Amino acid sequence: MLMKVETNEVRVYDPRGVVKSTIKATADRVATLHGLRLGVLDNSKWNANKLLRGAIEALKKEIDFAAVNYYVKHSFSKDADPELIKKIIEENDIVLTAIGDCGSCTSGCLRDAISLELAGVPTATIVTTEFVKETVLTRQALGMKALEPVIITHPVSSITHEEVAQRVAQILVQAQAVWKGDQTDAAEKYLKEKVIPG
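Residues numbered from 1 in each chain as written. Predicted model: local features only at pLDDT ≥ 70, side-chain atom pairs only at ≥ 80, totals over all residues. Heavy atoms only, no water.

Enquirer: Sorry if this is basic, but what is going on with the packing of helix α1 (residues 48–62) against helix α5 (residues 161–180) here?
Expert: Each pair of packed helices can be described by the angle between their axes along with the distance between the axes. Here α1 crosses α5 at 60°, and the two axes come no closer than 9 Å. Between α1 and α5, the interaxial angle falls into the category oblique. α1 and α5 meet at a crossing whose hand is right-handed. Two secondary-structure elements touch here, α1 through K50, L51, G54, A55, A58, L59 and E62 and α5 through V164, R167, V168, I171, L172, Q176 and W179. (Axes fitted to C-alpha atoms, helices over the stretch in contact; angles between N-to-C directions. Helix = DSSP H or I, 4+ residues; strand = E, 2+ residues; numbered from the N terminus. Parallel < 35°, antiparallel > 145°, perpendicular 65-115°, else oblique. Left-handed = near helix turned anticlockwise from the far one by under 90°. Contact = heavy atoms within 4.5 Å.)

Structure follows, in structure tokens:
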């Protein structure tokens, strides 16, 4: 049906929308990592296991953890089951999770991290350089802009043992900084300078 318009006015609509979210604080950071229980959440993406297992071994050389607990969620594109999140919260003081190297898995990792942070558990979420922008947008949309990622070189799906070791070295430095609150604005700095923190 055609409607006759009696005015010369032109209406322009902005399709971008507006992101409205309630600001959420991250968990309190820790002064020391020694004696803490480390939870490791594997989102079952290709090579997440290699990166996380390598990171555990590297971290244990520097930190005397009270325990290291390993968990796997079996759908990288979905949030972890609430019961799994509850179990991780009960059994750990800090968490390391991986990996965000695509759109849906990055979102899933960040949502899991925010659930843990809201319960008081500092969480270091590993994302690759190609998904830093998505990390910034997602954490802003979810209201936790202060959530700092661990940024490693992309790709991770098909890399050599040497390349795994290089990425583990990036995780080793940054994860500790995230848990202690020593890494700030890393994602924004990366987007401007293209330099991986640490």
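There's more to say after this.
Enquirer: Looking at this structure, I do not really get the sheet that holds strand β1 (residues 37–42). What am I missing?
Expert: Either a parallel or an antiparallel arrangement is found when strands of a sheet pair, and the pairing is made through backbone hydrogen bonds. What the five strands build is an open sheet, ordered β2-β1-β3-β4-β5; its pairing is parallel. This sheet does not close on itself; its edge strands, each paired only once, are β2 (67–72) and β5 (149–152). In this sheet, neighbouring strand axes are inclined to one another by 20° on average, regardless of whether the strands run parallel or antiparallel. Here five bridges tie β1 to strand β3 (residues 94–100), and the two strands are oriented parallel to one another. By the bridge assignment, L38 is partnered in β3 with I94. This element, helix α3 (residues 103–118), spans β1, β3 and β4 (123–128) of the sheet and lies at about 170° to β3. (Pairing = 2+ DSSP bridges.)

Enquirer: Just checking my understanding: could you explain the nonpolar core for this structure?
Expert: Across soluble globular proteins, nonpolar side chains show a tendency to be buried alongside one another. L96, I126, I171 and W179 are the most contacted members of the largest nonpolar core, which totals 31 residues. Within the residue set of this core, elements represented by two or more residues are β1, α1, β3, β4, β5 and α5. Grouped together as the second largest cluster of nonpolar side chains are nine residues, A80, L84, I85 and I88 included. (Core = buried A, V, L, I, M, F, W, Y, C linked by side-chain atoms within 4.5 Å. Buried < 20%, exposed > 50% of the residue type's maximum accessible area, 1.4 Å probe, protein only.)

Enquirer: Is there a simple way to think about the pattern of salt bridges in this case?
Expert: For side chains bearing opposite charge, pairing can occur when the charged atoms are close. Scanning the entire structure with this criterion turns up six salt bridges. The residue E117 makes a salt bridge to R29 at a minimum N-O spacing of 2.8 Å. With a gap of 88 residues between them, E117 in helix α3 and R29 in the segment before β1 connect regions that are remote in the sequence. Given the relative accessible area of 27%, R29 is considered partly exposed. (Salt bridge = Lys/Arg side-chain N within 4 Å of Asp/Glu carboxyl O.)

Enquirer: Quick question: what am I supposed to make of α1 here?
Expert: Structural remark: α-helix, 3.6 residues per turn; residues separated by three or four positions point the same way. Across its 15 residues, α1 extends 21 Å between first and last C-alpha, which sits within 8% of the 21 Å expected from 1.5 Å per residue. When we look at burial in α1, the residues that qualify are A48, L51, L52, A55, I56, A58 and L59. Buried positions along α1 lie against β1, β2, β3, β4, β5 and α5. (Expected span 1.5 Å × (residues − 1).)

Enquirer: Looking at this structure, how should I read helix α2 (residues 82–91)?
Expert: Listed in full, the buried residues belonging to α2 are L84, I85 and I88. Projected down its long axis, α2 carries its buried residues within an arc of 100°, all on one side. Residues of α2 that are exposed and point more than 90 degrees away from the buried face comprise P82, E83 and E90. Those residues of α2 that are buried lie in contact with β1, β2, β3 and α3. (Arc of directions from axis to C-beta.)

Enquirer: Where do I start with the packing of aromatic side chains in this structure?
Expert: Ring pairs (aromatic) are described by centroid distance and by the angle formed between their planes. Under the defined criterion, the tally for this structure stands at zero aromatic pairs. The ring of F76 is capped by K45, whose NZ or CZ atom sits 4.9 Å from the centre of that ring. When the ring centre of Y70 is taken as reference, the NZ or CZ atom of R53 above it lies at 3.8 Å. (Phe/Tyr/Trp six-rings, centres within 6.5 Å; stacked < 30°, edge-to-face > 60°. Lys NZ or Arg CZ within 6 Å of the ring centre and 35° of its normal.)

Enquirer: Just checking my understanding: could you explain the environment of D14 for this structure?
Expert: Within the element layout of this structure, D14 appears in the segment before β1. The spatial distance from the C-alpha of D14 to the C-alpha of S104 is 26 Å, given a sequence separation of 90 residues.

Enquirer: How should I be thinking about the packing of helix α4 (residues 132–141) against helix α6 (residues 186–193) in this particular structure?
Expert: Viewed as axis vectors pointing N to C, α4 and α6 meet at an angle of 140°, and their least axial separation amounts to 9 Å. The angle between α4 and α6 falls in the class oblique. Every pair of crossing elements has a handedness; the one defined by α4 and α6 is left-handed. Counted together, V132, K133, V136 and R139 of α4 and A187, E188, Y190 and L191 of α6 form the full contact between these two elements. In terms of residue class, the contact of α4 with α6 is built from five nonpolar, no polar and three charged. (Nonpolar A, V, L, I, M, F, W, Y, C, P; charged D, E, K, R; others polar.)

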